[in-house]
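Structural overview
Residue strings, one per chain:
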Amino acid sequence: MQKIYTKVTDEMNFYEGNDPTALAKEYGTPLYVYNERILRTRCRELKNLVTYPNFVADFSAKANSNLAFLQIVRSEGLEVDAMSPGEIYIEKAAGFKSDEIFYICNNVSEEEMQYAVSEGVLVSVDSISQLEQYGRLAPNTRVAVRFNPGVGAGHHDKVVTAGKKTKFGVDPSCIPLVKEILKKYNLTLAGINQHIGSLFMTGEAFLSSIHSLFDIARQFPDLEFIDLGGGFGIPYHKETDEARLDLKSLGTELDKELYAFAEEYGRQVKFRIEPGRYISAECCVLLGQVHSVKENSGITYAGCDVGFNVLARPVMYDSYHGIEIYRSNDAAAQNGADKTHSTGDGHDNNLQPVTVVGNICESGDILAKDRMLPPVMEKDILGILDAGAYGFTMSSNYNNRLRPAEVLIRESGEAVLIRERDTLEDLKRHMISI
Ligand SMILES: *Cc1c(COP(=O)(O)O)cnc(C)c1O
């Protein structure tokens, strides 16, 4: 393989000796590739975020709910959140026990809520009416309530999930009403939770939101746990050495807050966090293949097989994903070595703007606009970085395309398949002909 532009994955030894062009050839593209070692590292970082002893990290499985992936997360001692019956189902299949799953639901039907109750999973409701619904379904049990602390944060309006302008959480002014309903149905409030939003790169908003949650907790003296939410950010601009979220100082600050609150509260109440992206984003590179390079009105387009049905984030949130370029020796020979302009060390300086697009019939199907990359050629394999969170889980069969396969590079370096690519038969599996 020729390394055309590979700085980020080289530095973290992402492929552990595997050749991404060979993986692309063996499993086909698009292909989600995961690195087990990096996943385990991220799990440990958050599990050990603080020294406070009664602390649990719940992986938020909506970021990535592949079965093998969840099995690894579980083996690291994390617990999980669920946002739907389907997530509860797959988490149980991965080996999580009922009391290791926390169902954080939002506007769900009685049937969905009943599913969680029947599975023995603790439910968090996020409105007064859903608390009433829960009370009717499961009186005399434990429940949790999600509050809106009035502080939000996030990289895009669509992922700010607290504050004055979002649909989430119970307003703290409703606490008397919450108490009334708890009493009416003889419910025990096991915990309170919040989630202020996604992708904060400094700890400030997170730490300040905690104070509002503590204020709420003070009004409920018998809580088992206080869940501080997720949203821990990762640096998506790795090629330009964007700084990481400073977990060490966030952990130190958080630790102080937790010990101080526990002291005031009179016991070491359990604290939880619910990270999704931080655990899952960086252990994954999505491989795609370039099938056409052309110029339209002065703009160079590299057309590949990673449409927004495969990775929705760029179109959905204007998100940035770093892109690398790998060239198989075959493709290099075909293109003629003289035309590749490659230095071959993965640090090509000959950067030019290129707009990387997918194969979906919509002009908005853009993966990266005016991205500075070395010249891209047909048959090149592209590596879309940090694709493990909200990547496969948001993929779809739009345009009747097949959702991709997923491969895991084990700590031994061996690459194993953890999800098969959809087949054409899958597309009509639930359809009924007339
Ligand atoms: C999505 C979500 C999370 C995880 O968010 P990340 O930004 O991926 O860490 C945690 N809690 C709740 C309630 C969520 O909806």
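For clarity, every value in this text was computed on a predicted model and none was experimentally measured. (Residues numbered from 1 in each chain as written. Predicted model: local features only at pLDDT ≥ 70, side-chain atom pairs only at ≥ 80, totals over all residues. Heavy atoms only, no water.)

1. Structural notes on the UniProt feature "binding site: pyridoxal 5'-phosphate" (unreviewed entry) in the protein chain
Short version of the rule: UniProt positions are given in the numbering used here, feature names are shortened, and annotations may be inferred rather than shown by experiment. Strands here mean DSSP runs of E at least two residues long; helices mean DSSP runs of H or I at least four residues long; both are numbered from the N terminus. Only protein chains enter the accessibility calculation, which uses a 1.4 Å probe. A residue is then buried if its area is under 20% of the maximum for its type, exposed if over 50%, and partly exposed in between. Residues count as neighbours in contact if any of their non-hydrogen atoms are within 4.5 Å of one another. Side-chain atoms alone can form a polar contact between residues adjacent in sequence; in general such a contact is a pair of N or O atoms within 3.5 Å, and within protein one must be able to donate a hydrogen while the other accepts it.
When the UniProt feature table is mapped onto this chain, "binding site: pyridoxal 5'-phosphate" (unreviewed entry) is found at Gly 231, Glu 274, Pro 275, Gly 276, Arg 277 and Tyr 390. Note on placement: Gly 231 falls in the loop between strand S9 (225-227) and helix H10 (247-265). Of the residues examined, Gly 231 reaches a relative accessible area of 9% and is grouped as buried. Not counting residues up to four positions away in its chain, the partners in contact with Gly 231 are His 195, Gly 197, Ser 198, Leu 199 and Phe 200. Assignment of secondary structure puts Arg 277 in helix H11 (residues 277-280). A distance of 2.7 Å separates the side chain of Arg 277 from the side chain of Ser 198, its partner in a polar contact.

2. Observations concerning the site of the ligand
This is how the line gets drawn: Any residue with a heavy atom positioned within 4 Å of a molecule or strand is treated as near that molecule or strand. Lys, Arg, Asp and Glu make up the charged group, whereas Ala, Val, Leu, Ile, Met, Phe, Trp, Tyr, Cys and Pro make up the nonpolar group; the residues left over, Gly among them, are polar.
Looking at the ligand, there are 15 residues lining it, with Lys 62, Ser 198, Glu 274, Arg 277 and Tyr 390 nearest. In the model, a nitrogen atom of the ligand is placed 3.5 Å from a nitrogen or oxygen of the His 195 side chain. In terms of residue class, the shell around the ligand is built from 4 nonpolar, 6 polar and 5 charged.

3. Some remarks on the nonpolar core
For the record, the criterion: Residues belong to a common nonpolar core when they are buried Ala, Val, Leu, Ile, Met, Phe, Trp, Tyr or Cys residues joined through side-chain atoms within 4.5 Å. A domain assignment, automatic or from a database, supplies the domain bounds used here.
Within the largest apolar cluster, 123 residues are counted, with the highest numbers of intra-cluster contacts made by Phe 59, Ile 226, Leu 228, Phe 232, Phe 271 and Leu 287. The residue makeup of this core includes at least three contributed by each of domain 1 (2-34 + 281-427) and domain 2 (97-275). Core analysis: the second largest hydrophobic core is formed by 6 residues, Phe 102, Ile 104, Ala 144 and Phe 225 among them.

4. Points about the UniProt feature "active site" (unreviewed entry) in the protein chain
Here the UniProt-annotated "active site" (unreviewed entry) positions come out as Cys 361. We classify Cys 361 as exposed; its relative accessible area is 72%.

5. Considerations on the pattern of salt bridges
Put simply, the rule reads: One speaks of a salt bridge when a side-chain nitrogen belonging to Lys or Arg is within 4 Å of a carboxyl oxygen belonging to Asp or Glu.
The final tally for this structure, using the stated rule, is 26 salt bridges. Of the charged contacts, one joins Glu 76 and Arg 40 as a salt bridge, the two residues approaching to 2.8 Å between their closest N and O atoms. Of this pair, Glu 76 sits in the loop between helix H4 (67-75) and strand S4 (79-82) while Arg 40 sits in helix H3 (residues 36-47), and the two are 36 residues apart along the sequence. The two residues Glu 76 and Arg 40 agree in class, both being buried. The salt bridge involving Asp 58 is made with Arg 272; its shortest N-O contact spans 3.0 Å. Of the two residues, Asp 58 sits in strand S3 (residues 55-60) while Arg 272 sits in strand S10 (residues 270-273), which places them 214 residues apart along the sequence. The same class applies to Asp 58 as to Arg 272, namely buried. Here the salt bridges share partners, and the residues they tie into one network are Glu 36, Arg 40, Arg 44, Glu 76, Arg 410 and Glu 411.

6. Some remarks on the sheet that holds S9
Spelled out, the test is: In this analysis, strands are considered paired if DSSP registers two or more bridges between them. Orientation is described by lines fitted to C-alpha atoms, with helices fitted over the stretch in contact, and by angles between N-to-C directions that extend from 0 to 180 degrees.
Within the closed barrel, the 8 strands sit side by side as S3-S4-S5-S6-S7-S8-S9-S10. Their pairing is parallel. Here the average twist between neighbouring strands, direction ignored, is 30°.

7. Examining the packing of aromatic side chains
Selection criterion: Two rings from Phe, Tyr or Trp (for Trp, the six-membered ring) form a pair when their centres are within 6.5 Å of each other. A pair whose planes differ by under 30 degrees is stacked, one over 60 is edge-to-face, and the rest are tilted.
Per the counting criterion, the structure on display carries 17 aromatic pairs. Residues Phe 102 and Phe 225 carry aromatic rings whose centres are separated by 5.3 Å and whose planes lie at 85° to one another, so their mutual orientation is edge-to-face. Within this pair, whereas Phe 102 is found in strand S5 (residues 101-104), its partner Phe 225 is found in strand S9, the two being separated by 123 residues in sequence. Like Phe 225, Phe 102 is buried.

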